[in-house]
Amino acid sequence: MSTNEPAPAPAAPSHFIHQIIDEHNRTGRFEGRVQTRFPPEPNGYLHIGHAKSICLNFGTALKYGGKCNLRFDDTNPSKEEQEYVDSIMEDVRWLGFQWDGIYYASDYFEQLYQWSEDLIKKGLAYVCDLTADQMREYRGSLTKPGKNSPFRDRSVEENLDLFRRMRAGEFPDGSRTLRAKIDMASPNVNLRDPVMYRIMRAHHHRTGDAWCIYATYDWAHGESDSIEKITHSICTLEFENHRPLYEWFVQSLGIYVPQQIEFARLNLTYTMMSKRKLLELVAGKHVHGWDDPRMPTISGLRRRGYTPESLRAFCERIGVSKFNGLIDMSWLEESLRADLNKRANRVLGVLRPLKVVIENFPKGQVEELEAINNPEDASAGTRKVPFSREIYIERDDFREDPPKQFFRLAPGREVRLRYAYFLKCESVVKDPATGEVTELRCTYDPATKGGNSPDGRKVKGTIHWVSASTAVKAEVRLYDHLFSKPEPEDVPEGESYLTNLNPNSLEVLPEVPIEPSVANAKVGDRFQFERLGYFVVDHDTKPGKLVFNRAVTLADTWAKIEKKK
RNA sequence: UGGGGUAUGGUGUAACGGUAGCACAGCAGUCUCUGAAUCUGCUUGUCUAGGUUCAAAUCCUAGUACCCCAGCCA
């Protein structure tokens, strides 16, 4: 299975943002319109935290019959690249959403510039010659008010002249800024004459070298929202302090005023959402790229085997609020299991093989047994699985000295081979040097074909197996948490989060025997390997070499029992 | 120390003055040719202290804890 359905309108109702929208609709604030936008900066790949925002923004538009734009917040050319733009579009689409308009903040550079002149003419913005260090000094501190810049009272004419020359490239990088003239004594430091433009000669991925001055986020964001007639500008909590500035700009300009609403960003255990640090992991080769299956990026999760449906279900389930919580990674995993349990075809594969010779099965004979593809979905049908004298079983499914509650194979014990026969362990072959079990000599009961015994004899365990001669050998990559601590960024002073990297986050099994039905599996196909977990065909697969990623294990009660001891 | 936010079981989220509900986890059981899935039941909570009220998670007062803000990042 590998099909993706477009996202349906979310059935679940009210979180506080939808309540605000309901209220706006009731009072007619936006004439019943709902227009949202997802505004990523193209300076990295999208991660699961962005998925929350995407589901919120696009889902809200879907729910209210409104619209949602994709807008690239590309106001800082020093960090932004086309590669990121492309990946973001791909990820949004893959998640199942279709944007109504696609825009770039850079589309608005000229308009922004004109509006800046308007503000200057109104006496609400000025060109400042303070250096970055000086500006910091003048800003004051959290508890002390700032001081007015000595350039604050330049005339409109002088400001206009200087600003036009800034645009014309007459001044070196960083030498001047355009600032909003608000209040250097405001308890909200964002209102202490924030910078609107900086001089920066950087090549922009879309506007090239047309500009040497670039708008800051605060100056560009609300104005872009206003141009697009956004009704609800949904962003994360850290922008709450910026809302007064957001409103100051649009109100001073006298243009359309959207409503900014803030919600808590997603935090997940055993990983992190910092774009900067994610970039570090990639650049420092701690992972194999942005789409490494251990990464919390959407491309990483996709490669890991996650479905868009499971990611949307996860975002639905975690809810939306202003509480800055920490969600357990197992919730994400559970969302995938729930989805794949219903949709993924089952297959038999043995991760850590132990050879079994069935002494009373004829040499050279291969028998075709019928197996159900998906017990949760009758329409998935059945398939044939070859059975023969030599098979592999999971090493974990045999114990020479079985503990209590272990009802798998052991010397003298009988188990059922899934979709095949009862199998009894007659003797154990060991490596004389190491004592390691290398082979099991067993017998099967021909009367138990299909898994049931005519004499009503019961067997406690059913184990998976693969016929040795017909097995397909695949590389299988097993993944674990990228970090070994639930909060990897929570480190003592001076220590790096990198010390929390899990050294065992990837294990490669080079030659895993799998039943031959997977031989022609396509990249992106997902399967349940019975009793083991869900696996997806990785794009490293080449003709003659199958590569699987383990997306997630199955819930494992036995492992839990063992862990307790 | 200034400003802005947030506190409900282990986790996340409802309840908008009227029985604290739901989901996931956990535990026990059921079922099972996957120790999966299913199904059943159970445990666990309103940050603290006062106050208003017949009645408070919700309103008031005073605390406490945590998050964000002093980029020419977003």
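Residues numbered from 1 in each chain as written. Chains lettered and ligands numbered in written order. Predicted model: local features only at pLDDT ≥ 70, side-chain atom pairs only at ≥ 80, totals over all residues. Heavy atoms only, no water.

**Side note on the protein's contact with RNA strand B**
- Inspection of the region around RNA strand B gives 69 residues, with Ser321, Arg346, Arg408, Gly450 and Thr557 positioned closest.
- Each atom of RNA strand B within 4 Å of the protein was assigned to sugar, phosphate or base; sugar and phosphate come to 61%.
- At a separation of 2.5 Å, a phosphate oxygen of RNA strand B approaches a polar side-chain atom of Thr557.
- Ranked by the residues each element gives to the surface near RNA strand B, the list is headed by helix H13 (residues 557–564), at 5 residues.
- Its residues assigned to classes, the surface near RNA strand B comprises 24 nonpolar, 24 polar and 21 charged. (Near = heavy atom within 4 Å. Polar contact = N/O pair within 3.5 Å; in protein donor to acceptor, adjacent residues only side chain to side chain. Helix = DSSP H or I, 4+ residues; strand = E, 2+ residues; numbered from the N terminus. Nonpolar A, V, L, I, M, F, W, Y, C, P; charged D, E, K, R; others polar.)

**Describing the nonpolar core**
- In terms of nonpolar packing, the biggest core is built from 40 residues, with Ile48, Ile54, Val92, Leu268, Phe314 and Leu332 touching the most fellow members.
- Broken down by secondary-structure element, the contributors of at least two residues to this core are helix H2 (48–64), strand E2 (67–72), helix H3 (82–94), helix H10 (298–304), helix H11 (308–318), helix H12 (329–343) and strand E24 (546–553).
- Not counting chain neighbours up to four residues away, the residues in contact with Leu332 comprise Ile48, Leu268, Leu301, Tyr306, Leu311 and Phe314. (Core = buried A, V, L, I, M, F, W, Y, C linked by side-chain atoms within 4.5 Å. Buried < 20%, exposed > 50% of the residue type's maximum accessible area, 1.4 Å probe, protein only. Contact = heavy atoms within 4.5 Å.)

**Comments concerning the pattern of salt bridges**
- Scanning all chains against the criterion turns up 51 salt bridges.
- Across the pair Glu390 and Lys355 runs a salt bridge, and its minimum N-O distance is 3.6 Å. Note that Glu390 is positioned in strand E14 (residues 390–394) and Lys355 in strand E11 (residues 353–358), a separation of 35 residues in sequence.
- Under the relative-accessibility criterion, Glu390 is labelled partly exposed at 32%.
- Relative accessible area serves as the criterion here: at 29%, Lys355 is assigned to the partly exposed category.
- Several salt bridges share partner residues, and in doing so they unite Asp291, Arg303, Glu475, Arg477, Asp538, Asp540 and Lys545 into one network. (Salt bridge = Lys/Arg side-chain N within 4 Å of Asp/Glu carboxyl O.)

**Quick look at the domain arrangement of chain A**
- Assigned domains within chain A: domain 1 (16–107 + 219–335), domain 2 (110–217) and domain 3 (346–471).
- Computed over C-alpha atoms only, the centres of domain 2 and domain 3 are separated by 74 Å. (Domains from an automatic or database assignment.)

**Digging into helix H1 (residues 16–27)**
- Helix length check: H1 (12 residues) gives 17 Å between terminal C-alpha atoms against 16 Å at 1.5 Å per residue, within 8%.
- Restricting attention to buried positions, one finds in H1 the residues Ile17, His18, Ile21 and His24. For H1, the buried positions fall inside an angular range of 115° around the axis, keeping them on one side. (Expected span 1.5 Å × (residues − 1). Arc of directions from axis to C-beta.)

**A few points about the packing of aromatic side chains**
- Throughout the structure, instances matching the rule amount to 25 aromatic pairs.
- Ring centres of Tyr84 and Trp290 lie 6.1 Å apart, and the angle between their planes is 80°; this geometry places the pair in the edge-to-face category. Linking Tyr84 in helix H3 with Trp290 in the loop between helix H9 (275–283) and H10, this pair joins segments that are 206 residues apart in sequence.
- What makes Tyr84 buried here is its relative accessible area of 6%.
- Trp290 sits in the buried class, given a relative accessible area of 8%.
- Each ring, one from Phe163 and one from Tyr197, has its centre 5.4 Å from the other, and the planes form 55°; the classification is tilted. Placement of Phe163 in helix H6 (residues 156–168) and of Tyr197 in strand E6 (residues 195–199) is noted, with a sequence separation of 34 residues between them. An identical accessibility class is assigned to Phe163 and Tyr197; each is buried.
- Three or more aromatic residues joined by ring pairs make a cluster, and in this case those are Phe109, Tyr113, Phe163, Tyr197, Trp211 and Tyr214.
- One residue, Arg167, lies across the ring of Tyr113, its end atom 4.5 Å from the ring centre.
- Over the aromatic face of Phe171 sits the side chain of Arg176, whose NZ or CZ is 4.0 Å from the ring centroid. (Phe/Tyr/Trp six-rings, centres within 6.5 Å; stacked < 30°, edge-to-face > 60°. Lys NZ or Arg CZ within 6 Å of the ring centre and 35° of its normal.)

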